[in-house]
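Working through the structure, step by step
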Amino acid sequence: MMSEMCRVAIFLLLCWEAVSIEVPLDLKQPPTITKQSPKDYIVDPRDNIIIECEAKETPLPSYTWTRNRKFFNVAKDPRVTMRRNSGTLEIGFRSGGRPDEYEGEYQCFAKNEFGTALSNKILLRVSKSPLWPKEYLEPVVVNEGSHAILPCNPPPGLPPPHIFWMNSAMLPITQDRRVSMGLNGDLYFSNVLAKDAETDYSCNARFHFTHTIQQKNPFTLKVLTKESRNDTSVHFSLNLTELHSARGITETTPTFLSPTGTSSSKTVLRGDELLLECIAAGVPTPSITWYKKGGDLPSKKVKFENFNKTLRIVGVSEADAGDYSCLASNKMGSIRHTISVRYKASPYWLSEPKNLILAPEEDGNLICRANGLPKPEIKWLINGDPIESAPPNPSRRVAGDTIIFRSVQIGSSAVYQCNASSEHGYLLANAFVNILDVQPRMLAPQSEVIRVIENNRTHLDCPFFGSPLPMLRWFKNGQGSNLDGGQYRTYDNGTLEIKRARKEDQGTYTCVATNILGKAEKQVRLEVKDPTRIVRAPENLVIKRGENARFDCRISYDLSLRLTVTWLKDDNPLSGWRTLVQTISNWFKEVESLFYPRMKKDEESLTVTNVNEQDEGVYTCIVSTELDSDSAKARLTVQDRPEPPTDLELTDPSERSVRLTWVPGDDNHSPIKEFLVQYEEDLWERGKWKNLTSYPGNLNSVILPLSPYVNYQFRVIAINEIGASRPSRPSERYRTSGAPPEVYPQKIRGAGSRKNNMEITWEPVVGTDQNGPNLRYMVWWRRRDSREQWKNLTTRYEKHVIWDTDTYVAYEIKVQAINDFGPGPESPIVIGHSGEDYPRSAPTNIRIRPDSTRAIIMWSPVSYESVQGELKEYRVYYWRESSKLKGLSVSREKKYQSFSTTSSKPQGTLKDLIPYSNYKLYMVVVNGKGEGPTSTTHDLQTSEGVPGPPRYLRVQERNMDTIYLDWDQPLEPNGILTGYTLKYQTVNGTKVGRMQTESFQSNITSYTLRKADRNARYKFYLSARSQIGLGEAYIVDVTQSTNEAYTKDQVDIATQGWFIGLMCAIALLVLILLIVCFIKRSRGGKYPVREKKDLPLDAVDQKDQDGSFDYRDEDNKPLQGSQTSLDGTIKQPDSEDSLVDYGEGGDGQFNEDGSFIGQYTVKKDKEETEGNESSEATSPVNAIYSLA
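One structure accompanies this document, and this report is about it.

We now examine the sheet that holds strand E32 (residues 377-382). Ordered in space as E29-E37-E36-E32-E33, the 5 strands form an open sheet in which the pairing is mixed. The open sheet has two free edges, formed respectively by strand E29 (356-358) and strand E33 (385-386), since each of these has just one partner strand. Where E32 lies against E33, 2 bridges are found, and the strand directions are antiparallel. Looking at E33, one finds that isoleucine 382 is bridged to aspartate 385.

In terms of burial, strand E62 (residues 711-719) is a largely internal element, 8 of the 9 residues being buried. Note that strand E59 (residues 674-681) and E62 share 8 bridges and pair antiparallel. Looking at E62, one finds that leucine 676 is bridged to isoleucine 717. Relative to strand E63 (residues 734-735), E62 runs antiparallel, the two sharing 2 bridges. Residue pairing in the sheet places tyrosine 712 in a bridge with tyrosine 734 of E63.

Our next topic: the pattern of salt bridges. By the definition in use, this model includes 52 salt bridges. The residue lysine 522 makes a salt bridge to glutamate 448 at a minimum N-O spacing of 2.4 Å. On the criterion of sequence distance, the pair formed by lysine 522 in strand E46 (residues 518-529) and glutamate 448 in strand E39 (residues 447-453) is long-range, its members being 74 residues apart. Exposure remark for lysine 522: the relative accessible area of 1% places this residue in the buried category. A residue is classified by how much of its surface remains accessible, and glutamate 448, at 28% relative accessible area, is partly exposed. Between lysine 673 and glutamate 721 there is a salt bridge whose closest N-O contact spans 3.1 Å. Within this pair, whereas lysine 673 is found in the loop between strand E58 (657-663) and E59, its partner glutamate 721 is found in the loop between E62 and E63, the two being separated by 48 residues in sequence. The same class applies to lysine 673 as to glutamate 721, namely exposed. Each member of the salt-bridge network shares a partner with another, and the members are Glu680, Asp682, Arg686 and Arg733.

Before going further, it helps to examine the packing of aromatic side chains. A full pass over the atoms with the stated rule returns 24 aromatic pairs. Aromatic side chains tryptophan 662 and phenylalanine 675 sit 5.1 Å apart centroid to centroid with 65° between the ring planes, which places their arrangement in the edge-to-face category. Of the two residues, tryptophan 662 is situated in strand E58 and phenylalanine 675 in strand E59; the sequence distance between them amounts to 13 residues. Both residues of the pair, tryptophan 662 and phenylalanine 675, count as buried. Ring centres 5.4 Å apart and planes at 25° place the aromatic pair tyrosine 877 and tyrosine 922 in the stacked group. In this pair, tyrosine 877 sits in strand E74 (residues 871-883) while tyrosine 922 sits in strand E77 (residues 917-927), placing the two residues 45 residues apart along the sequence. Take tyrosine 877: its relative accessible area is 13%, and that puts it in the buried class. Residue class for tyrosine 922 comes out buried when judged on its relative accessible area of 14%. Ring pairing ties together the aromatic residues Tyr877, Trp879, Tyr896 and Tyr922, which thus form one cluster.

Here we come to the sheet that holds E39. Read from one edge to the other, the open sheet built from 4 strands follows the order E39-E46-E45-E42, with strand pairing classed as mixed. Strands with a single pairing partner mark the edges of an open sheet, and in this sheet they are E39 and strand E42 (471-476). Going across the sheet, the axis of each strand differs from the next one's by a mean of 25°, ignoring polarity. Sheet analysis places E42 next to strand E45 (residues 507-515), joined by 6 bridges and oriented antiparallel. By the bridge assignment for E45, lysine 476 is matched with tyrosine 509.

The next point concerns the state of the cysteines. Summed over the entire model, instances satisfying the criterion amount to 6 disulfides. Shown here is the disulfide that connects cysteine 152 with cysteine 203, its sulfur atoms set 2.0 Å apart. Every disulfide takes its handedness from the sign of the S-S torsion; for cysteine 152 and cysteine 203 that torsion is -65°, giving left-handed. Taken as a pair, cysteine 152 in the loop between strand E13 (148-150) and strand E14 (162-166) and cysteine 203 in strand E17 (residues 202-207) lie far apart in primary sequence, 51 residues in all. No difference in accessibility class separates cysteine 152 from cysteine 203, as the two residues are buried. Between the sulfur of cysteine 368 and that of cysteine 418 lies a disulfide, 1.7 Å long from S to S. Measuring handedness by torsion sign, the sulfur bridge of cysteine 368 and cysteine 418 sits at about -70° and is left-handed. Residue cysteine 368 is found in the loop between strand E30 (364-367) and strand E31 (369-373), and its partner cysteine 418 is found in strand E36 (residues 414-422); the two are separated by 50 residues along the sequence.

Moving on: a nonpolar patch on the surface. A cluster of nonpolar side chains, namely Leu1068, Leu1069, Ile1072 and Val1076, defines an oily patch on the protein surface of about 370 Å² accessible area. Considering the arrangement of structural elements, one finds leucine 1069 in helix H6 (residues 1057-1082).

Cut-offs and rules
- Residues numbered from 1 in each chain as written.
- Predicted model: local features only at pLDDT ≥ 70, side-chain atom pairs only at ≥ 80, totals over all residues.
- Heavy atoms only, no water.
- Pairing = 2+ DSSP bridges.
- Helix = DSSP H or I, 4+ residues; strand = E, 2+ residues; numbered from the N terminus.
- Buried < 20%, exposed > 50% of the residue type's maximum accessible area, 1.4 Å probe, protein only.
- Salt bridge = Lys/Arg side-chain N within 4 Å of Asp/Glu carboxyl O.
- Phe/Tyr/Trp six-rings, centres within 6.5 Å; stacked < 30°, edge-to-face > 60°.
- Axes fitted to C-alpha atoms, helices over the stretch in contact; angles between N-to-C directions.
- Disulfide = S-S within 2.5 Å.
- Patch = residues over 30% accessible without salt bridge, like charges linked within 9 Å, V, L, I, M, F, W, Y side chains within 5 Å.
- Areas by Shrake-Rupley, 256 points an atom, 1.4 Å probe, with all protein chains shown as cover.

Coordinates in, geometry out; function isn't part of it.
Next up, the structure:
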């Protein structure tokens, strides 16, 4: 049994070496360094110096320091103090002294009875920011096109300062492919232009610790140019290549300014940053391209900076060594520079030594392995001293990078240091060997609950300690064998791994740690939960500005867990009044039932209302519980009107055109479809912008057609589907030269305002069409069809009047525009006329052919001369004189009808005449001036026609078996009535019965219909007859229910005897109750009294006494809500027989005498007008109560 446990202990001991074991703090152990200052430690001279050194240990260690490898006596230096229970030094200078006096190499020693731990060697240096030396800088003089270098040579600072160039206005020097700063801080000009001549190129150094900026004296750069170059203004449209040619600068092949020559070398350490630079001179400015010999540049690590002049590689590895080439080229040629990069590596760990805990008689190893280029040397120390000088220990043997321990004994605990060093640096690691004899113990609570997500890899921790190293086993639910293998895996630190947790894995797990000294155990209860998942992720949205955006984020999760939903925008928490976040629908069930009873589970969303460009970005929905989380992202793209174009530029000028070029603005995610070019000129309509022309959205350089003698400036508007952008900034002005007018005046017209004149008018030529100054008009005219010469006149106005003309004579007219550059084109000839006079004669020989409703009028036309103007129309005035029926009154309103004709036998038709009537008429001639004299008056008689519809048709149901109909004759009989025809049919929904017909003589105006079926509904058609035929029918459609349709001509129910008797009985009962109450109250009885009395009423039959009802045609119904009585009068909805009068708040009115309800009904208007006074004060009830 013992041998088996030994084998297990040996196996576990080997595993112990591979893990970091934490010793409980209550056990004694050697010290361990937990905090120390960096190896290269630069401090601010304005602050106290703090050098950190802290260790954890039991018992507490003592701390000592060395400075420059000699013992540093902290107690003897009044400026130095050591913090309590710590080795940290604090050096203060309030009492004097300088920080640089304490520069040097420091090392901390933490020691207790079990060993000594060492810190790194800390090189302490004080930050320096020296001033720039005062010097006089000679002006730098160069020829235009040559290169130039302005040296910076910053003062050496610690750490090195940040360099930048500025001018005297404290603005950065503009850098580009031609002008840039090198890695050494110098300012390089690949070629100098005349515009570079300045007197204030200043190099600045900013120091990190002191936050100060030191400025070097400014350089003056003088540029020598040829005499023809004295004017430094160059046409705005030239590029750099054209600029060099225009100024006569000689073009040259590239040469390198930094580094010089064709090759150089550079050494870089592993993990550092590699910076390679190539700056070249030449005209035109050379471009730089980088290559690596034998392979491609590492794209994931390479960055090109400083306009491709600098190559940066981060995190250098051995693969980055090799030859790098930069190629500088322009159109004159190219050159190449090769930089050989050598790779070195300071020491780095392969296997850092770990703390070792052994029981007596156990074996173990400390391993220290490091690598580097060159390979570092490994040295061992024990408690800070070289291991070679330590007393011999038979249980310890050093074998290069490994210390082997055999059969260790109590009292041999120590701290060992491994030092790996090379010419590029060193590594120092502490690892203690602690000899302990301890029974197993658990380093965590004895029981705990672990909740995990289903299907996840799960770890149940069981931190333990013991020496010898205990053997650990796991059990589930207190039974079964040790859990190891298959779904389970046990780690050396006691952790049990479940590779994929399932619902059936829930339960109580027990870990048991055992060694020869005893055992300890711990229980872990495992609960497996459903995962949190986004089942419907938000989708990318493209929304127009001003609309609403909705992101859905539907979730499933374990209801026993607390859910949190968070929305981010561009990885920042979402906030702002513009955003409405709808809460997750399946939040705690209790909260949901209290606050969100109507929430639906598909309402998990984020809504952004009235979106604008600030809302654009990536929105993230994060759903999380205390165990897991899920997230989904969606992008919101906001479409908006485009940004205005910029950088308008005018080129290629000519007399009638110019090229306009612009830079399109951002289209805001909706492609630009069109550019609208507008112009403004300052001569005719200053400040008013007008549309010139539009161009497709793929153009940004166009030739604009222009008019002469206009001082233009232009602006451009971009248009997409959302709308138009703001206008761009105006271009510079462009003036075109003058020219004769190219258009003639429009809308030329000649017309007389009097009978002896003619006014010639036209639309003036607009300003941009005048093409020059001093615009005027040449007007020509002559009589048409005559041989007379053209007469002309020059005027500056838009009208000319010709006097002493004959009446209505035709003239030929033309107008021409003229300016100081010459005449424009003549207009086409326009025919005008002099003024008109009233017609002199009336139509004659008027003949009439009438029928019942129309009459054809014929007449002889008047002569052209008698019209004295333009014949507009012949006009017939007519009126109805009388009807042929005796006793029928008519309207004698005069009407007219116009006929436009130039026929030699003119005629027209008068329409809409009333049959069987006597008319009179006469005619006049109408021209532009007015009407002429009237003709003789003629008689017109219309023949008999069909009658109009009867005046009304009234339908009444006298009882349930008959329907009574009566009617009146038509308003317009249109002849002699011979009788009436009544047609009717039954109607049941969409089904109609057979049409039946009844005829009546003209003196009969009523009819009683006996119903075959009491429930039948009817539709009636009544027409009047004459000798000509049937007239228009009057239609009544009676298809409503009795309660709805038969409500007209009711007899007031308030006049019915049964109703009056009922009301009297109710009043008597109320009076008796009041008397009883009065007697009871006077005797001292107390009864609760309602403020108002409800007077219940029996249902009232709404029929008339005789059961009759009135039916009207739908088109002849009175307004909705009114009632029509038998005599045709209209009652309002609140008429006296309304049932509302009998309830509370009614009007208080009843029937003719108003003897009862008016006394006992409380009126609303009295309540409103009497304010807080009781509305019952006037009733008999209140009167009796007040007496009591």
